[in-house]
Amino acid sequence: MTNSINEIEDAACILSIGSNTTVTHPVIGLRVKKAARNGAKLIVANPRRIELCSVADVWLRHRPGTDVALLMGMARVIMDEGLVDSSFIEERCENLDAFKESLKAFDPDFVEQVTGVPQGKIAEAARMLAGNSPASILYCMGITQHSHGTDNVLALANLAMLTGNIGKPSSGVNPLRGQNNVQGACDMGALPNVYPGYQKVDSAEIREKFEAAWGCSLSSTPGLTLTEILGAALEKRVKALYVVGENPVLSEADASHAKEALEALDFLVVQDIFLTETAMLADVVLPAATFAEKDGTFTNTERRIQRVRKALEPRGNSRPDWWITCEIAKKLGGKGFDYGHPAEIMGEISSLTPSYQGISYERLEAGGLQWPCPSPEHPGTPVLHTERFLTASGKGRLMPLEYKPPAECADEEYPFVLTTGRSLYHYHTSTMTGRVEGLNMLRDRELLEMNPTDAAALGIANGDRVQVKSRRGLVTADAKLTKDSPPGVVFMTFHFADSPTNVVTSPALDPVAKTPELKVCAVQVQKLKG
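I will try to describe carefully the structure that is included in this document. (Residues numbered from 1 in each chain as written. Predicted model: local features only at pLDDT ≥ 70, side-chain atom pairs only at ≥ 80, totals over all residues. Heavy atoms only, no water.)

## Considerations on a nonpolar patch on the surface
A cluster of nonpolar residues, Tyr242, Val244, Ile328 and Leu332, forms a patch on the protein surface that exposes about 380 Å² of accessible area. Positionally, Leu332 belongs in the loop between helix H15 (321-331) and helix H16 (342-352). (Patch = residues over 30% accessible without salt bridge, like charges linked within 9 Å, V, L, I, M, F, W, Y side chains within 5 Å. Areas by Shrake-Rupley, 256 points an atom, 1.4 Å probe, with all protein chains shown as cover. Salt bridge = Lys/Arg side-chain N within 4 Å of Asp/Glu carboxyl O. Helix = DSSP H or I, 4+ residues; strand = E, 2+ residues; numbered from the N terminus.)

## Points about the pairing of strand E1 (residues 13-17)
Within E1, five of the five residues are buried, which leaves the element mostly enclosed by the surrounding structure. Pairing geometry for E1 and strand E5 (residues 135-139), over five bridges, is parallel. Each bridged residue has a counterpart across the sheet, and for Cys13 the counterpart in E5 is Ala135. Direction of pairing for E1 relative to strand E2 (residues 41-45): parallel, over a ladder of five bridges. Counted as the bridge partner of Ile17 is Ala45 from E2. (Buried < 20%, exposed > 50% of the residue type's maximum accessible area, 1.4 Å probe, protein only. Pairing = 2+ DSSP bridges.)

## With respect to the pattern of salt bridges
What the rule picks out here adds up to 27 salt bridges. We note a salt bridge from Asp266 to Lys236, for which the minimum N-O separation is 3.2 Å. Highlighted residues: Asp266 in the loop between helix H14 (255-264) and strand E10 (267-272) and Lys236 in the loop between helix H12 (226-234) and strand E9 (240-244), separated in sequence by 30 residues. Close ionic contact of Glu302 with Arg304 constitutes a salt bridge, the shortest N to O distance being 2.6 Å. Classification of Glu302 as buried rests on a relative accessible area of 6%. Via salt bridges that share partners, Asp295, Arg307, Arg309 and Glu365 belong to a single interconnected network.

## Remarks on the sheet that holds strand E3 (residues 58-60)
By definition, the strands of a sheet pair up through backbone hydrogen bonds, in either a parallel or an antiparallel sense. The sheet built from five strands is open, its strands ordered E3-E2-E1-E5-E6 with parallel pairing. Of all the strands in the sheet, the pair left with one neighbour each is E3 and strand E6 (173-175). Shown here is a sheet whose adjacent strand axes are inclined to one another by a mean of 15 degrees, direction ignored. In the packing of helix H3 (residues 67-80) onto the sheet, contacts are made with E1, E2 and E3, and the angle to E1 comes to roughly 160 degrees. (Axes fitted to C-alpha atoms, helices over the stretch in contact; angles between N-to-C directions. Contact = heavy atoms within 4.5 Å.)

## Observations concerning the nonpolar core
The biggest cluster of nonpolar side chains holds 48 residues, and the ones touching the most others in it are Ile43, Leu60, Met74, Leu156 and Leu159. Sort the elements by how many residues they give to this core and H3 lands first, with 10 residues. Once residues lying within four places of it in the same chain are set aside, the contact partners of Leu156 are Leu15, Ile17, Leu71, Ile137, Tyr139, Ile143 and Val173. Ala455, Val466, Val503 and Val523 belong to the second largest nonpolar core, which has 19 residues in total. (Core = buried A, V, L, I, M, F, W, Y, C linked by side-chain atoms within 4.5 Å.)

## Structural notes on the packing of H3 against helix H5 (residues 96-103)
It is the contact of H3 with H5, at a shortest axis distance of 10 Å, that shows an interaxial angle of 110 degrees. When the axes of H3 and H5 are compared, the pair comes out roughly perpendicular. Of the two possible hands of crossing, H3 and H5 adopt the one that is left-handed. Of the residues in H5, those touching H3 at Met72, Ala75, Arg76 and Met79 are Leu96, Phe99, Lys100, Ser102 and Leu103. Each residue belonging to the contact of H3 with H5 can be placed in one class, and the counts come to six nonpolar, one polar and two charged. (Parallel < 35°, antiparallel > 145°, perpendicular 65-115°, else oblique. Left-handed = near helix turned anticlockwise from the far one by under 90°. Nonpolar A, V, L, I, M, F, W, Y, C, P; charged D, E, K, R; others polar.)

## Re helix H11 (residues 204-214)
Buried within H11 we find Ile206, Arg207 and Phe210. Down the axis of H11, the sector holding all buried residues measures 95 degrees, keeping them to one side. Across H11 from its buried face, at more than 90 degrees, point the exposed residues Glu205, Glu208 and Ala212. Where H11 is buried, its residues touch strand E7 (194-195), strand E8 (199-200) and H16. (Arc of directions from axis to C-beta.)

## Structural notes on the sheet that holds E9
Taking strand neighbours across the sheet as the criterion, the three strands line up as E9-E10-E11 in an open arrangement whose pairing is parallel. The open sheet is flanked by E9 and strand E11 (284-287), the only strands paired with a single partner. Put simply, the sheet's adjacent strands are angled 10 degrees from each other on average, direction ignored. Strand direction decides the pairing type here: E9 and E10, joined by five bridges, are parallel.

Right under this line is the structure:
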């Protein structure tokens, strides 16, 4: 997030897009509802009816996968009607002429035709966003998990810059991260092209710094993403894999393909707190300690680094992740892994990572700190980009974009669009929550949510067992009839191993982020007999 969670309730306008916030981020959802009670204008853009729609001033119910057209259509209105923040653009942005030229492709008729949203409603939302400052943009995986997910994010950044809503409190472009320490994992270099602190692998200067610190030579070639690794495993370019805290057998798009790739490996190690579906395929399973059984830190969605303190001794043979990794490294002959406590690891992080340079366990005892925190005296940074952007010129670049349809659209054979999300009661692949009796009492099976009109045409009643089939595979679920899903769109979660939704989802990738298009795929639905 460019901004902080507690700023949301002071925003004059909020655009929530690609996020079922009250379900996936309930605490942040409460902040949004409080902002609305305080008088903030709320714009919700979501193909499905979600709880926030009931308090929204405008609900933009666009077709799945048409986000770029919708957002660039809003930008066109803001530009055509002279609603831009001219001083902000002049002082802090570049590439305006090329961006304006690209908006010509997004005339109101075209945008309405593509998105299915009346152009008057799009104009109303655009005026609302531009006319109420500060305005905060919130988004989640409904924006990123598309074959054009990077373009979706750039379109949001364009809106923030056009309206001057970045670099000040209660504004910004704010991704709501999918898990509690996803931000921290990325910060620490769990990406194929960067070292900790997003320092580029292909930078000679950066590489030399880490080589000197670690006493080894490092490659200048970025590695592979998870999706690319699985493809390489099938091609035998990757022969061994060490999976930590991930369950790709259920969580990856086209999950049957992922399972096939894992089975093709010569050697698979899985480190997790339970014997997951992925761990069942492993040659070696390393039992990891839970969050309550280890010391460490989590970095949350607002870039806040917080202490995690050991409350229990690890059960059985389980050990903290850092300890397991260090022991493996030492047995492989690695040097520099003789840590006695995670505080020592944080010391190394701060010595090599500019944005964490002022972070220490001693400071975190007093409470969390938001990076960048470049010195021991620095208070942390609640708001990013207050004076300049992280570009060569220091200016934000307005990005020309073009509309690209989803990789897979509904057709005669597969007439429905399947989109996926989460339930309030379960988390991701339910590795943990699926073992909680109380949560299973609330939701213990997969449901296919579909519009009653579609169900009636297929002779499907509420609770009927149905088959959902795509070009990749099929799963079964119980039908739930609801007007939350528009006609032509069906919805499933991906929590349950006995109905693995991702067997049917699309493996089409965003060309930049390499993220699969989990939010749009074409399916057919059939009532099962008996």
